[in-house]
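Fold and contact review
The primary structure of each chain is shown beneath.
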Amino acid sequence: MTGRQGPPLSRRTFVGTVGGLGLSAAALTVAGSGAAHAAGSSALQDPRGRGHAFLAAAMDAYPDHGSIRLTQSYTDQAGLFSTAFTYDNALAVLAHLAARTEGGEARAVALGDALLFAQAHDPAYDDGRLRQAYNVGPYVFFDGSPQPDGFVRADGTANVGTQFGFTGTAVGDMAWAGIALSALAGRTGARRFLAGAVRIGEWIERNGSTDQPLGGYTFGVDGAGAKLPFTSTEHNTDLICLFGRLARLTGDRVWLERRARAEAFVLKTWEPAGGFFYTGSNDGATINTSPIPEDTQTWTHLALGSPTHSRSLDWAQAHLAVLDDAGRTNSTVPAGQSYEGVTFSSASLLANEDAPIAEFQPRPDRNGVWFEGTAHLALALRDRRGRGDEARAGRLIASVERAQDLLGGEQTVGGKALPERSGVVSASSPLDTGFGFGYYPYRHTGATAWYLLAAARSNPLRA
């Protein structure tokens, strides 16, 4: 990621819609339990059961378009139609595996096979890459042009998300897909998943390895295949896990060398005086000091487990904590409700509340809660197990579960109603990330998956 002086470098980059208004494409193209578990009435009384019910519904939204499928990332109301982000689907795999049910593992395997299909059936490349996102069902775009296919196009290729420009390949997206595939390899013993994860690792080595002064691995490639020079702390943190897993699963020590290169970059972004990690570098030579995002504080702990650097969790709690209620400027939280958690970055707390986040968008609430980040902070606190960590994590998880119960009602996926009170919205109110895009109160696969991982105490980033 970079700050405002650079392009909005997040694999989650997009601009949402509100009230059916138009939606603009992302500024950068690389910038998103089983059915038996979900369907049982007793399971739907449990917050985790309802989370899995949402993942199942988002995965099964287009039954007439083939059995090879990915999970739609956001509800229809977000205006992204049937977009399925690679990152969100990797998280869905890990959440299904964390459930440790027969139906959950079957769904994880099906999603893993869909990622392998995309890797093997890209319409333009045969080099192991995955794109930022895919279409998984038909729709008519804003300009009136139809998108008639499911995840598998009529010509047999994977249906890349060209309408919104989600055609680039980010190292972070690739790393998360590799983490998911390696988890499947470890759980099932199926060699196809390990082979797919190795292909991902080799693509990253070819396209991300750099001799820039700060080292590490750069951002990836844009939709035209041009390499991008930015270097992300978040992405290199992901690689610590992926390369560590590949070393263990393959026995090849080259992955340990690559892991060490990614870790060395991450440690260079540590600010010992403040006890936090910076976001990365725009040019590979100079650390970018603003904004400071939440995920570089939590994911570094989950990947490294380093007592020296676990102060980053305290920094996130102290400097990114928010409380959203109906009395806040631009809040969309209903009267009588409030939600605690963390926001996306230090810039989110300084957002201009008098102007929309982007064209056609609402004005932001500086205290909007980012539920995805709130969930991985809760998981990281549970993993650290310091004094007061479990109690704090419990409050954060309770806030996420309350949001699942009360926010995002009457939203749909593929035009179909969701199971009642299922799925976590990405943000309690419109939220400006400070990286050129926003989050909104739409139910989200990624936020729901992180909640399920936190609730299950399942750390996806520990090799």
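In this text, all values refer to a predicted model and were calculated from it rather than measured experimentally.

Attention shifts here to the overall build of the protein. Tallying secondary structure elements over the protein gives 13 helices and 17 strands in all. Expressed as lengths along the three principal axes of its C-alpha atoms, the size of the protein is roughly 50 × 50 × 45 Å. Counting all 463 residues of the protein, 62% fall into the buried class. Here the protein has roughly 15400 Å² of accessible surface; of this, 51% comes from carbon and sulfur atoms.

All right, on to the packing of helix 5 (residues 171–188) against helix 7 (residues 233–250) then. Packing of helix 5 against helix 7 leaves a shortest axis separation of 9 Å and a crossing angle of 30°. Pair helix 5 / helix 7 crosses with left-handed handedness. For the pair helix 5 and helix 7, contact is made by V171, G172, A175, W176, G178, I179, S182 and A183 and by H235, D238, L239, C241, L242, R245 and L249, respectively. Tallied by class, the residues present in the contact of helix 5 with helix 7 amount to nine nonpolar, four polar and two charged.

What follows covers the sheet that holds strand 5 (residues 169–170). Where strands meet in a sheet, backbone hydrogen bonds hold them as pairs that are either parallel or antiparallel. Reading across from one edge, 5-6-7-10-11 is the order of the five strands in this open sheet, with antiparallel pairing throughout. Edge positions in the open sheet fall to strand 5 and strand 11 (287–288), since each of these has one partner strand only. The pairing of strand 7 (residues 227–232) with strand 10 (residues 280–281) spans two bridges and is classified as antiparallel. Note on strand 10: the bridge partner recorded for S232 is G280. Sheet strands in contact with helix 6 (residues 191–208) are strand 5, strand 6 (218–221) and strand 7, and its direction is about 105° off that of strand 6.

Considering the arrangement of structural elements, one finds F360 in the loop between strand 13 (338–342) and helix 11 (371–384). For the pair F360 and Y451, spaced 91 residues apart in sequence, the C-alpha to C-alpha distance is 30 Å.

Glancing now at the pattern of salt bridges. Scanning the model with the defined rule gives 22 salt bridges in all. Residue D60 pairs with R69 through a salt bridge whose shortest N-O separation is 3.0 Å. A salt bridge links D113 to R192; its shortest N-O distance comes to 2.7 Å. In this pair, D113 is assigned in helix 4 (residues 102–120) and R192 in helix 6, connecting sequence segments 79 residues apart. Each of the salt bridges in this network shares a partner with another, and the network as a whole consists of E202, E205, R258 and R261.

We now examine the side chain of T169. Looking at where T169 falls in the secondary structure, it is placed in strand 5. Relative accessible area serves as the criterion here: at 1%, T169 is assigned to the buried category. In this structure the side chain of T169 is engaged in a polar contact, spanning 2.8 Å, whose partner is the backbone oxygen of L130.

What follows covers the confidence of the model for the protein. Chain-level statistics for the protein give a pLDDT mean of 92 and a share of 91% at 70 or above. Here residues 1–39 is a poorly scored stretch, pLDDT under 50, and it has 159 contacts once near neighbours within four places are set aside; other chains count.

Examined bridge by bridge, strand 6 and strand 7 share three bridges and lie antiparallel to one another. Opposite G220, over in strand 7, you have L228 as the bridge partner. Remark: five residues form the turn of the hairpin made by strand 6 and strand 7, two consecutive strands paired antiparallel; G225 in that turn has positive phi of roughly 90°.

We now examine the nonpolar core. Counting residues in each nonpolar core, the largest one holds 105 residues, and the members touching the most others are W176, I204 and W450. Looking at which element gives the most residues to this core, the answer is helix 5, with 11 residues. The next biggest cluster of nonpolar side chains, apart from the first, holds 20 residues, and it includes Y139, F166, F344 and I357.

Along the chain, the position of L194 falls in helix 6. Put simply, L194 and L184 are 10 residues apart on the chain and 8.0 Å apart in space, counted from C-alpha to C-alpha. When neighbours within four sequence positions are excluded, L194 is seen to be in contact with A185, L246, L249 and T250.

The subject of this paragraph is unusual backbone geometry. A cis amide bond links S290 to the next residue, P291, at an omega of -5°. With respect to the secondary-structure elements, P291 resides in the loop between strand 11 and helix 9 (295–304). One non-glycine residue, F81, adopts positive backbone phi at about 55°. Within the secondary structure, F81 is located in the loop between helix 2 (47–59) and strand 1 (83–85). Look at R100: it is not a glycine, yet its phi comes out positive at around 55°. Its relative accessible area of 64% is what places R100 among the exposed residues.

For the rest of this paragraph, the subject is helix 8 (residues 254–268). Compared with an ideal rise of 1.5 Å per residue, which puts 15 residues at 21 Å, helix 8 spans 22 Å between its outermost C-alpha atoms and is within 8% of the ideal. When we look at burial in helix 8, the residues that qualify are W255, R258, A262, F265 and V266. Burial along helix 8 is one-sided: seen end-on, the buried residues are contained in an arc of 105°.

In this model, helix 3 (residues 86–99) (14 residues) spans 20 Å end to end at C-alpha, consistent with the 20 Å of a helix rising 1.5 Å per residue. Helix 3 sits mainly inside the fold: 13 of its 14 residues count as buried. One or two positions beyond helix 3, positive phi appears at R100, with a value near 55°.

Turning to the packing of aromatic side chains, a few remarks are in order. Under the definition given, this model contains 29 aromatic pairs. With 5.1 Å between their ring centres and 50° between their planes, F81 and F142 make a pair best called tilted. Placement of F81 in the loop between helix 2 and strand 1 and of F142 in the loop between strand 3 (139–140) and strand 4 (146–147) is noted, with a sequence separation of 61 residues between them. Taking the relative accessible area as the measure of exposure, F142 reaches 41% and is therefore partly exposed. Seen in terms of ring centroids, W176 and W299 are 5.2 Å apart; in terms of plane orientation they differ by 65°. Their pairing is edge-to-face. Here W176 is found in helix 5, whereas its partner W299 is found in helix 9, with 123 residues between them in sequence. This pair shows no difference in class: W176 is buried, exactly as W299 is. Joined through ring pairs, the aromatic side chains of Y74, F81, F85, Y139, F141, F142, F164 and F166 make up one cluster.

Analysis parameters
- Residues numbered from 1 in each chain as written.
- Predicted model: local features only at pLDDT ≥ 70, side-chain atom pairs only at ≥ 80, totals over all residues.
- Heavy atoms only, no water.
- Helix = DSSP H or I, 4+ residues; strand = E, 2+ residues; numbered from the N terminus.
- Buried < 20%, exposed > 50% of the residue type's maximum accessible area, 1.4 Å probe, protein only.
- Areas by Shrake-Rupley, 256 points an atom, 1.4 Å probe, with all protein chains shown as cover.
- Axes fitted to C-alpha atoms, helices over the stretch in contact; angles between N-to-C directions.
- Left-handed = near helix turned anticlockwise from the far one by under 90°.
- Contact = heavy atoms within 4.5 Å.
- Nonpolar A, V, L, I, M, F, W, Y, C, P; charged D, E, K, R; others polar.
- Pairing = 2+ DSSP bridges.
- Salt bridge = Lys/Arg side-chain N within 4 Å of Asp/Glu carboxyl O.
- Polar contact = N/O pair within 3.5 Å; in protein donor to acceptor, adjacent residues only side chain to side chain.
- pLDDT = per-residue confidence, 0-100.
- Core = buried A, V, L, I, M, F, W, Y, C linked by side-chain atoms within 4.5 Å.
- Expected span 1.5 Å × (residues − 1).
- Arc of directions from axis to C-beta.
- Phe/Tyr/Trp six-rings, centres within 6.5 Å; stacked < 30°, edge-to-face > 60°.

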